[in-house]
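# Architecture at a glance
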Amino acid sequence: MQDPAFVKRAFSDIADSYVLTNHVLSFGTDILWRRKFVRGVKADEPIHVLDVATGSGDVAKEILRQCPDIDVVATDFCQPMLATARNSGLTNLVVADGMQLPFDNAAFDIVTVAFGLRNMACWKDALSEWRRVLKPGGKLHVLDFSQPTWQPFKRIYLFYLHKVLPKIAGLLTGHGSAYDYLSNSINQFPHGRAMCALISEAGFTDVSATPLSGGIAAIYVGLAD
Ligand SMILES: C[S@@+](CC[C@H](N)C(=O)[O-])C[C@H]1O[C@@H](n2cnc3c(N)ncnc32)[C@H](O)[C@@H]1O
């Protein structure tokens, strides 16, 4: 659970270098994660999709690349991040708090959220709000950081996350503290079964978790029935 004023400021500070820094810090793996995430969305044959916390719009653009004929609305509460999305050609952008969306009940058949849930002030309330805007039978797709379960890999990963990543990010963006926040937020964030339980408590059924890259990230899907 995060402080929204801090989160907004942190993303405003790094907006211009956000995309490049992601690719460098993840060695390009973030691109593959988003592609796989969107393949799951495409399999649901969506018509109206809402991408919450769209940031630079990378997921919304990947959805439109894989499914060019559908309607995608992309929202974020950070204007400089949305400006990067707009400058990269994305339209249908709405400035909105992901915890209080300006949309009717049951307006969308898919809600996607990539690396956004972790940054919300209250995870359970955010999930309930996303449940509200989904049609019965609609689906929530969440992509976010998780934690490796194989201990030797987890030790190496945590060393990279806490000791190496903030330093490289500080050099690239001039805002290392935003990436200290990233490391700490990943530590606090539920993953695996705990995340599935949280999604279920918010009113979703058939919740599944798919680990990516040995558990560094995961895709969660829940049904709004
Ligand atoms: C790590 S970025 C993820 C951006 C993008 N989805 C991606 O895949 O790269 C997190 C985004 O969540 C947004 N965010 C955080 N809290 C939010 C909230 N309460 N409402 C709307 N957007 C929020 C931030 O502004 C930021 O753009």
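Here is a short report on the structure shown in this document. In this text the structure is predicted, and so the values were computed from the model without any measurement.

### A short note on the overall build of the protein
- Counting its regular elements, the protein contains nine helices and seven strands.
- With the principal axes as the frame, the protein shows a C-alpha extent of 45 × 40 × 30 Å.
- Out of the 225 residues in the protein, the part that is buried amounts to 43%.
- Counting only contacts in the protein whose residues sit at least 6 apart along the sequence, the fraction spanning at least 24 positions is 65%.

### Focus on the environment of G40
- Looking at the secondary structure, you find G40 in helix α3 (residues 29–43).
- Classification of G40 as partly exposed rests on a count of 17 C-beta atoms within 10 Å.
- Separated by 101 residues in the primary sequence, G40 and H141 have C-alpha atoms spaced 8.2 Å apart.

### A short note on the packing of α3 against helix α4 (residues 58–66)
- At a minimum axis distance of 9 Å, the contact between α3 and α4 shows a crossing angle of 55 degrees. In terms of their interaxial angle, α3 and α4 are classed as oblique. Handedness of the crossing formed by α3 with α4: right-handed. Together, R34, R35, F37, V38, R39, V41 and K42 of α3 and D58, V59, E62, I63 and Q66 of α4 make up the contact between the two elements.

### A look at unusual backbone geometry
- Backbone geometry at N92 places phi at a positive 65 degrees, although glycine is not the residue there.
- Take N92: it is sitting in the loop between α5 (79–87) and β3 (93–95).
- In this model, A106 sits at a positive phi of 55 degrees, which is unusual for a non-glycine residue.
- With respect to the helices and strands, the residue A106 is situated in the loop between β3 and β4 (108–114).
- With 14 C-beta atoms counted inside 10 Å, the residue A106 sits in the partly exposed group.

### As for the site of the ligand
- Surveying the vicinity of the ligand reveals 21 residues, the closest of which are A53, G55, C78, G98 and A114.
- When residues of the shell around the ligand are traced back to their parent elements, those giving at least two are α1 (4–14) and α4.
- Counting residues per element, the shell around the ligand draws most heavily on α1, at three residues.
- In the shell around the ligand, the residues fall into 12 nonpolar, six polar and three charged.

### Topic: the sheet that holds strand β7 (residues 217–224)
- A sheet is described by the order of its strands in space; here seven strands give the open sequence β3-β2-β1-β4-β5-β7-β6, paired in mixed fashion. Both outer strands of the open sheet, β3 and β6 (205–212), are each paired with one neighbouring strand and no more. The average angle at which neighbouring strand axes cross in this sheet is 20 degrees, direction not considered.
- Inspection of the sheet shows β6 paired to β7 by six bridges, in the antiparallel sense. Looking across to β7, one finds that P211 is bridged to A218.
- The strands touched by α5 within the sheet are β2 (71–76) and β3, with β3 carrying the most contacts at an inclination of about 175 degrees.

Criteria and thresholds
- Residues numbered from 1 in each chain as written.
- Predicted model: local features only at pLDDT ≥ 70, side-chain atom pairs only at ≥ 80, totals over all residues.
- Helix = DSSP H or I, 4+ residues; strand = E, 2+ residues; numbered from the N terminus.
- Buried ≥ 20, exposed ≤ 12 C-beta atoms within 10 Å, placed from the backbone.
- Contact = placed C-beta atoms within 7 Å.
- Axes fitted to C-alpha atoms, helices over the stretch in contact; angles between N-to-C directions.
- Parallel < 35°, antiparallel > 145°, perpendicular 65-115°, else oblique.
- Left-handed = near helix turned anticlockwise from the far one by under 90°.
- Near = placed C-beta within 6 Å.
- Nonpolar A, V, L, I, M, F, W, Y, C, P; charged D, E, K, R; others polar.
- Pairing = 2+ DSSP bridges.

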